[in-house]
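Given next are the chains, with one letter for each unit.
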Amino acid sequence: MDSDSGISWDSHKTVASEEMAGVAFVISRMTFGRRLELMKGVRDLAARIEYFDAGRDEKNRMEASLLGAEMDKLYLAWGLGEVRGLTLDGITATPESLVERGPEALVQEALAAIKAECGLTETERKN
């Protein structure tokens, strides 16, 4: 750090994939404004998941599972800025194409990195 330029802080960080060597995710770091944005998006889904989780039949469990997947997609859209070192079907991967056509293990790894950046516990990350 150059003392003349002050403190530098990056709003994104790069996380190397452990699943696939050479692949990295650019993850948004948590800020006050981004936390507020995320909380607004998660709030309604979380309430709906809680409602369906309380149900005992298969339809309610399926609905809660679907809503949980939608919440994961929301986290990915919120926090995954870039995918480096990966092509999908011959085209450079984007966050959207990773979710739609990428290997499930990489999607789950990116999601875990985002949730870790959000400060979620291991149990919260699984939900």
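This text follows the structure it describes.
Please read these numbers as outputs of a predicted model, since none were measured by experiment.

Next up on the list: the sheet that holds strand β1 (residues 12–16). Here we have 3 strands laid out as an open sheet, ordered β1-β2-β3, and antiparallel in their pairing. Only two strands of the sheet have a single neighbouring strand rather than two, namely β1 and β3 (80–84). Neighbour to neighbour, the strand axes of the sheet diverge by 20° on average, direction disregarded. With 5 bridges joining them, β1 and strand β2 (residues 24–28) adopt antiparallel strand pairing. If you follow H12 over to β2, its bridge partner there is S28. Strands in contact with helix α4 (residues 104–117) are β1, β2 and β3; relative to β2, the strand with the most contacts, it is inclined by about 35°.

Counting 28 residues, the largest nonpolar core has F25, Y75, L80, L86, L98 and I114 as the members making the most contacts within it. Listing elements by their share of this core, those giving two or more residues are β2, α1 (32–54), α2 (58–79), β3 and α4. Apart from residues no more than four positions distant in its own chain, L98 is found in contact with F25, L80, V83, L86, L88, P103, L106, V107 and A110.

Take the pattern of salt bridges next. The final tally for this structure, using the stated rule, is 6 salt bridges. Note that R43 is salt-bridged to D44, the shortest N-O span being 3.9 Å. On the accessibility criterion, R43 (55% relative accessible area) is exposed. One salt bridge connects E100 with K73, and the closest N-O pair in it is separated by 3.3 Å. Highlighted residues: E100 in helix α3 (residues 95–101) and K73 in helix α2, separated in sequence by 27 residues.

This paragraph deals with the packing of aromatic side chains. How two aromatic rings sit relative to each other is set out by the distance from centre to centre and by the angle between their planes. As enumerated under the stated definition, the model contains 0 aromatic pairs in all. The ring of W78 carries the charged tip of R34 above its face, separated from the ring centre by 4.3 Å.

Two numbers describe how α1 lies on α2: the axes approach to 8 Å, and their chain directions differ by 170°. One way to sum up the angle between α1 and α2 is to call them roughly antiparallel. Contact residues: R34, E37, L38, G41, V42, L45, A46, R48, I49, F52 and D53 in α1; N60, R61, E63, A64, L67, G68, E70, M71, L74, Y75, W78 and G79 in α2. Each residue belonging to the contact of α1 with α2 can be placed in one class, and the counts come to 12 nonpolar, 4 polar and 7 charged.

Basis of the calculations
Residues numbered from 1 in each chain as written. Predicted model: local features only at pLDDT ≥ 70, side-chain atom pairs only at ≥ 80, totals over all residues. Heavy atoms only, no water. Pairing = 2+ DSSP bridges. Helix = DSSP H or I, 4+ residues; strand = E, 2+ residues; numbered from the N terminus. Axes fitted to C-alpha atoms, helices over the stretch in contact; angles between N-to-C directions. Contact = heavy atoms within 4.5 Å. Core = buried A, V, L, I, M, F, W, Y, C linked by side-chain atoms within 4.5 Å. Buried < 20%, exposed > 50% of the residue type's maximum accessible area, 1.4 Å probe, protein only. Salt bridge = Lys/Arg side-chain N within 4 Å of Asp/Glu carboxyl O. Phe/Tyr/Trp six-rings, centres within 6.5 Å; stacked < 30°, edge-to-face > 60°. Lys NZ or Arg CZ within 6 Å of the ring centre and 35° of its normal. Parallel < 35°, antiparallel > 145°, perpendicular 65-115°, else oblique. Nonpolar A, V, L, I, M, F, W, Y, C, P; charged D, E, K, R; others polar.

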